[in-house]
Every structure is written in structure tokens, then in C-alpha cells.
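Below are the chains, spelled out letter by letter.
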Amino acid sequence: MNGAAIERIAASHADLAGRLAGGADWAGRRRSALDTLVARGLPERRDENWKYLDHVRIGEYAFDVVPGAAPDGKALAGARLPIAGALPIVVVDGRFDAALSAPAATGWQVIDLGALLARDPAAALAALRIPAADADDRFALLAEAFSEGGVVIRVDAGSAPAGPLHLLHVATAASPAAQHARVVIEIGAGARIVLVEEFLSLGGAAVFGNLAGEMSIGASADVEHLRLHRENAATARIETWVARQGAGSRYRQYLVALGGRVLRSNLRLALVGEAAECQLAGLFLAAGERQVDLYTEVGHHAPRTRTVQNYRGIATDRGRGALNGRIVVHPAARGADASQSIRNLLLSPLAELNARPQLEIHVDDVRCRHGATTGTLDAAQLFYLLSRGLDEAVAKRLLTFAFCQDVLAGIPLAEFRDYAATQVAGILPDDELLRVRP
């Protein structure tokens, strides 16, 4: 798919380039990003961290940027995840929508990247990192070349917003289109925030969504990042997150991926400060012919850093899923503590799940472990429930939901946790797909 897709990307950029904001300096950065893509191509199966993704499927999507209509505020409020007291930050088709977002308050602010590009291109240049040329950053290069907007979220040192910040990505296109956005999140030292991130479709179009995000977490800051993917069944979503943590900081991410046709989520996290801690947990359901491909890379660069990873995947029918988790303990990371747990549940003989935990250790004074399992529903557990008088279909759903609870039960925000549990319970496969086979 690479050659044809790159040709369509280059043609789309040629049509759009003259209308992109940012002046000569940004035009040069966009051109440089596009030239790298043309020369190197998009990632392929031969690229080590992309071997499980269906690249042909990605190549089927349109790369033309066609914004949809502005969403109705009431309709959006009824569709989004309900969290009392949340402060919405709404990105519609890759562009920040101030009218649908909460006004900034003391201690935190939101900057419209599209407006900043038009008003002060030099400030936008300084705010956004330049993606690398390696395969893991190619879609970030694509966002660099095409993005017309997004947001910068800044939380001041020692601050705590009055409620959860609700970053809502909304796709409204009525026809096949591509949407690119940049998100920058800067958390000051000692700040405390809950960040809820949600991906939502208001139409049924086959949208190719591409997000390039970056996060910096200051010393002793505490961040809870709760993420929900529930876009329509035709959407493809690629996201590339790069994050850094300062000394004594804590970052906890909970990912629940339930929607879309294709999801590829990349997270590269660097623990650069002593005693920085991260906890990464995720749950995905690959039903029908859906594909979910998660890649995480955590680098321990300082002493006494800690990582805990806990992921659960379910595949039914012809669904495909993969979790590729890499932890690198660098020579300076004495006393590092890292653990990975990946468990997968196959509910159909045609489904496919891949688990690839990796530990790369360059120092002796560490405590590291990992484990991965893939299997079907436990026949002994099912027999026990049936012996207690439960209907077979009910027993199978209970066992499957209990598997999901390994992640859901740990989500700290009750409204998010309850909503995610309800969504999971509503889409669990039926009795036929849950059939335990000898």
C-alpha cells in the first residue's frame, strides 16, 4: 500500500499547502516532513514495531482533509461521556472549538494551535516538537505536514483544576476524509490533574484520524489520564504520543478501546527524573473484523523509577488484536522496578491476538518481570457456574466480564469506570461467539 498511499498523500498536500497557516517558516517545516515521508514511506510490516498492523486496510482510507459541519452543542453534550463538573476541551475534526469548550481558569489554560499558527507562527514552532524520521514517528510527520490546528493545554505548577479536564476529539465528516491534530499537554511541577480523553464520531463516515500528542510532566506532579475510544465502525485512528516525566512524578493511564475499525495507539514514555512512576493499563475488544494494535515503550533513564503495566485484550469473530510492550532500563536507572502483565482472551477460532512483552536491561541493580497469556474461557470455571444453576449464555458473559474487570476495577474516576463498564457489558459477544471449544 505504501507507494500508492504516499502518492495520494503528496497530491493531497499539493492541493492543500497554499491554504495552510503559518507562513514561510511553517511551510518549510511541513515541506520537510512531507519530503521525509516521501523518501522513507509509511511504516510497513517489515518495521519491527508495526508487524501486526493491517497496512493494506490503512491504505484504503482517503487522505484528503475535508472538515465536517460544526456539531450542535446539545447533541454533543448528550453523546459525550457524562462526568459531573468536567471542563470540556473540544477538538472538532482536528481543530479546537472554543465555543464548545470551557473557558480557561486560574491555574490552567488552553491555547488554540490553529489561531496560534495564524497569529504567531514562531510561538507555534517553539511549542511543537519536530517528529523524527524513524518508523514510529512517521504518522506524526504526517500530522506535521497536514495539521491545521489542535490545542496546547498548560497547567501551572502547584495547580489543580476545579474538575477533570475532558479532552474530546469529535469527528463530524459526512464523507471519507482525513483529520490531523496536534495536542501538547504541559503539566507544571507539583500540579494535580485528572485528564479524560474521549474519541467520538457524530456521523458514519470512514474517517482517517491522525493524532500527534506530546506531554511533559513536571517534578512531583500527579496525572490521571483516562482514555476512551468509541468512534464509529468505519473509522481508522492512528495516535502517536511522546511523554516525559520529571523526578517524583506519577502518571497513570487507563485506556479503554471499544470502537472504530482500526486503532493503532503508540506511546513512548521517558522516565527522566529520579523516582518517577508510571502505571499503564488497557482493555480492548476486537469484535467483527476490527483491529486494535497497541505499542508502548517506556524508558527508565533515572534511579528508582517504576513502571507497572496491566493490559487485557479480547478478540471475537475475525477480530485481531496486538499488544507490543517494550521496557528499556538504561545504565543510569539503578534500582528500577518494572513489571508487565498481558492477558488475552480468544472467543472465536478465527480471531487473532498477539502479545509481545519485552524487557531490555542495561544495569544489574533492578527488579523486572513480565508475563503474557492467551487462551479461551476456562471450561472448569464455566462448569462451576453451570452447576450452580446459571444459564450457559449468562455464565459465559459473566466470565468474560470478570476478565475485563481486571482493568475496569482499577479506574479511579467512578463515572468513567461505571460508563466504561456499561459500554463493555453492552457489546460483549453473544452465546455463539462465546462458545467454549474443547
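The structure displayed is predicted, hence computed values, not measured ones.

Participant: Break down the sheet that holds strand β2 (residues 95–96) for me, citing the residues and quoting the values.
Facilitator: Pairing is mixed in the open sheet, where 10 strands are placed in the order β2-β1-β5-β7-β9-β11-β13-β15-β17-β19. Bordering the open sheet on either side are β2 and β19 (366–375), each of which pairs with just one other strand. As judged from the nine bridges shared by strand β7 (residues 192–201) and strand β9 (residues 222–230), these two strands associate in the parallel manner. If you follow R192 over to β9, its bridge partner there is D222. Sheet contacts for helix α10 (residues 414–427): β7, β9, β11 (250–257) and β13 (277–286); angle to β9, the most-contacted strand, approximately 25°.

Participant: Outline the pairing of strand β15 (residues 306–315), listing residues and values.
Facilitator: Counting buried positions along β15 yields eight of 10 residues, so the element is predominantly enclosed. One ladder, built from 10 bridges, connects β13 with β15; its direction is parallel. The residue bridging G282 from the neighbouring strand is Y311, located in β15. The pairing of β15 with strand β17 (residues 336–346) spans 10 bridges and is parallel. When the bridges of β17 are listed, A315 appears paired with L346.

Participant: Before we move on, can you summarise the pattern of salt bridges with the specific residues and values?
Facilitator: Per the counting criterion, the structure on display carries 29 salt bridges. The residue E214 makes a salt bridge to R182 at a minimum N-O spacing of 3.8 Å. Of this pair, E214 sits in strand β8 (residues 207–217) while R182 sits in strand β6 (residues 177–187), and the two are 32 residues apart along the sequence. Taking relative accessible area as the criterion, E214 reaches 12% and is therefore assigned buried. Overall, the relative accessible area of 3% leaves R182 in the buried class. One salt bridge connects R304 with E274, and the closest N-O pair in it is separated by 3.2 Å. Of the two residues, R304 is situated in the loop between β14 (291–300) and β15 and E274 in the loop between β12 (262–271) and β13; the sequence distance between them amounts to 30 residues.

Participant: Go over the nonpolar core, please, and point to the residues and values.
Facilitator: With 54 residues, the main nonpolar core has I89, V151 and I187 as its most contacted residues. Those residues in contact with V151 that lie beyond four places of it in its chain are I89, V91, F96, V110, I111, L113, L167, R182, V183 and V184. Counting 32 residues, the second-largest nonpolar core is a separate cluster that includes L258, L347, L385 and L408.

Participant: Let's hear about the pairing of β7: which residues, and what values?
Facilitator: The buried count for β7 comes to eight of 10 residues, which makes it a mostly enclosed element. When strand β5 (residues 165–171) meets β7, the two strands line up parallel, connected through seven bridges. Considered in β7, the bridge of H169 is made with F199.

Participant: Could you give me a rundown of the packing of aromatic side chains, with the residues and numbers involved?
Facilitator: In this structure the tally under the stated criterion is three aromatic pairs. Their ring planes at 70° and their centres at 5.4 Å tell us that F63 and F208 sit as a pair that is edge-to-face. Note that F63 is positioned in the loop between α3 (55–59) and α4 (73–79) and F208 in strand β8, a separation of 145 residues in sequence. Across the pair, exposure class does not vary: F63 and F208 are buried alike.

Participant: Give me the sheet that holds strand β3 (residues 108–112): which residues, what numbers.
Facilitator: Spatial ordering of the open sheet is given by β3-β4-β6-β8-β10-β12-β14-β16-β18, a layout of nine strands whose pairing is mixed. The sheet terminates laterally at β3 and β18 (352–361), the two strands that pair on one side only. Taking each pair of neighbouring strands and ignoring which way they run, the sheet shows an average axis angle of 10°. Examined bridge by bridge, strand β16 (residues 320–329) and β18 share 10 bridges and lie parallel to one another. Looking at the pairing, R320 lines up with E352 of β18. The strands touched by helix α7 (residues 138–146) within the sheet are β6, β8 and β10 (236–245), with β8 carrying the most contacts at an inclination of about 100°.

Participant: Describe in detail the side chain of E198, supporting the description with residues and values.
Facilitator: Mapped onto the fold, E198 is located in strand β7. Classification of E198 by relative accessible area gives buried; the value is 0%. Reaching out from E198, the side chain makes a polar contact with the side chain of H166 at a distance of 2.9 Å. Once residues lying within four places of it in the same chain are set aside, the contact partners of E198 are A79, R80, L81, H166, L167, L168, H169, L228 and R230.

Reading the values: rules and limits
- Throughout, a residue's number is its position along its own chain's written sequence, starting from 1.
- Totals for whole chains, interfaces and linings use all residues, but because this is a predicted model, local features are given only for residues with pLDDT of at least 70 and pairs of side-chain atoms are given and counted only at 80 or more.
- In computing side-chain properties, one takes all heavy atoms of the structure into account and sets aside hydrogens as well as water.
- DSSP-based pairing: two strands are paired if at least 2 bridges between them are found.
- Secondary structure counts use DSSP, requiring at least four H or I residues in a row for a helix and at least two E residues in a row for a strand, with both numbered from the N terminus.
- Any two residues having at least one pair of non-hydrogen atoms within 4.5 Å are treated as being in contact.
- In this description, a line fitted to the C-alpha atoms serves as the axis of each element, helices being fitted only across the stretch in contact, and the angle between N-to-C directions of two axes falls anywhere from 0 to 180 degrees.
- Each residue is assigned to one of three classes by its accessible area relative to the maximum for its type, calculated with a 1.4 Å probe on protein chains only: buried under 20%, partly exposed between the two thresholds, exposed over 50%.
- Throughout this description, the term salt bridge denotes a Lys or Arg side-chain nitrogen within 4 Å of a carboxyl oxygen of Asp or Glu.
- As used in this record, nonpolar core signifies buried Ala, Val, Leu, Ile, Met, Phe, Trp, Tyr and Cys residues forming a set joined through side-chain atoms within 4.5 Å.
- When the centres of two rings from Phe, Tyr and Trp lie within 6.5 Å, Trp using its six-membered ring, the rings pair. Their planes under 30 degrees apart give stacked, over 60 give edge-to-face, and anything left gives tilted.
- Polar contact is the term for a pair of N or O atoms within 3.5 Å; when the atoms are in protein, one must be able to donate a hydrogen and the other to accept it, and sequence-neighboring residues count only if both atoms are side-chain atoms.

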